[in-house]
Amino acid sequence: MIIEIDKGSGFCFGVTTAIEKAEETLKAGHGLNCLGDIVHNGMECERLNSMGLVTIEHEDFAQLHNATVLLRAHGEPPATYNMAERNNITLIDATCPVVLALQKRIKKKYEATKLDTSGKKSDIVIFGKNGHAEVLGLVGQTEGNAIVIEHAEDAAKLDFSHNIFLYSQTTKSLTEFHRIIEYCKEHIAPDATFQSFDTICRQVANRMPNICQFATKHDLVLFVCGRKSSNGKVLYNACKEQNPNTHLIEGPDEIDVAWLQGIDSIGICGATSTPKWLMEQCKERIEEFKS
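Residues numbered from 1 in each chain as written. Predicted model: local features only at pLDDT ≥ 70, side-chain atom pairs only at ≥ 80, totals over all residues. Heavy atoms only, no water.

A. View of the sheet that holds strand S6 (residues 122-127). Pairing is parallel in the open sheet, where four strands are placed in the order S7-S6-S8-S9. Only two strands of the sheet have a single partner each, and these edge strands are strand S7 (147-149) and strand S9 (194-196). Along the sheet, successive strands turn relative to each other by an average axial angle of 20°, direction set aside. Inspection of the sheet shows S6 paired to S7 by three bridges, in the parallel sense. (Pairing = 2+ DSSP bridges. Helix = DSSP H or I, 4+ residues; strand = E, 2+ residues; numbered from the N terminus. Axes fitted to C-alpha atoms, helices over the stretch in contact; angles between N-to-C directions.)

B. Spotlight on the nonpolar core. Formed by 19 residues in total, the largest nonpolar core has its most connected members in Ile149, Leu158, Ile164, Leu166, Ile180 and Phe194. Where this core is concerned, the elements lending two or more residues are S6, strand S8 (163-168) and helix H7 (174-187). Top element by residues in this core is H7. It accounts for four residues. If near-sequence neighbours (up to four positions away) are discounted, Ile164 is found in contact with Asp123, Val125, Leu158, Asp159, Ile188, Thr193, Phe194 and Gln195. If you look at the next biggest cluster of nonpolar residues, it comprises 16 residues, including Ile19, Ala22, Leu26 and Ile38. (Core = buried A, V, L, I, M, F, W, Y, C linked by side-chain atoms within 4.5 Å. Buried < 20%, exposed > 50% of the residue type's maximum accessible area, 1.4 Å probe, protein only. Contact = heavy atoms within 4.5 Å.)

Take a look at the structure:
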């Protein structure tokens, strides 16, 4: 039986940087809180928690004073930075550079729309998952006024008599984003402006064709991913489409030995939030079943 781990799977640059900053601070013996799960992978969070990382939510953050808090790769809205300053909180900002650049672009466009004296209403629209940490940070750049659409079909709800400026969460599907763009172009009013800005991270987007090709090479695919991961859901569905014998698992304990019957080739892959060590553990578990 061949067992192959996808070389392109594993942490993206932003997540790697956030985890390195957390480990560096913890190894130096300093206490460290993280605002939200540092990565959407329960087992990696448990590993860092065992090193001393304390995961807090925004409700806890509001009560915190004189502490050190890591901001994860997803980014935060301006309100978080304002509260940190008021409460004397030291921030270790691990916001992904791609997300940070997107926040700045949205803020700049939003400020420009407020200065528009033409009388024409303008909407900042974000293609993303409602409530997702990155999306909350992006919406925060518009004082909460941005419109979030989760699927291409949701574009039909937009008011096309307004100017529309379309952005995307960095980890969304490029194909679906282009569907939204085409729909908006077809429906925008003649006297309104439509502009789209391709803000999808190419490191993430490029994984789609690579992981699809990987899925076709094997009889069985195990997609290792935390079930909270937005990027993971997109990539898993792409794998499943290419290879129906694909299973989503969070770790080695979820592997069913029955899946391995009559299988000659197994591919193990994951999301941008999946650690390499976890995929290695899944490979080791399969090898235990074989022996």
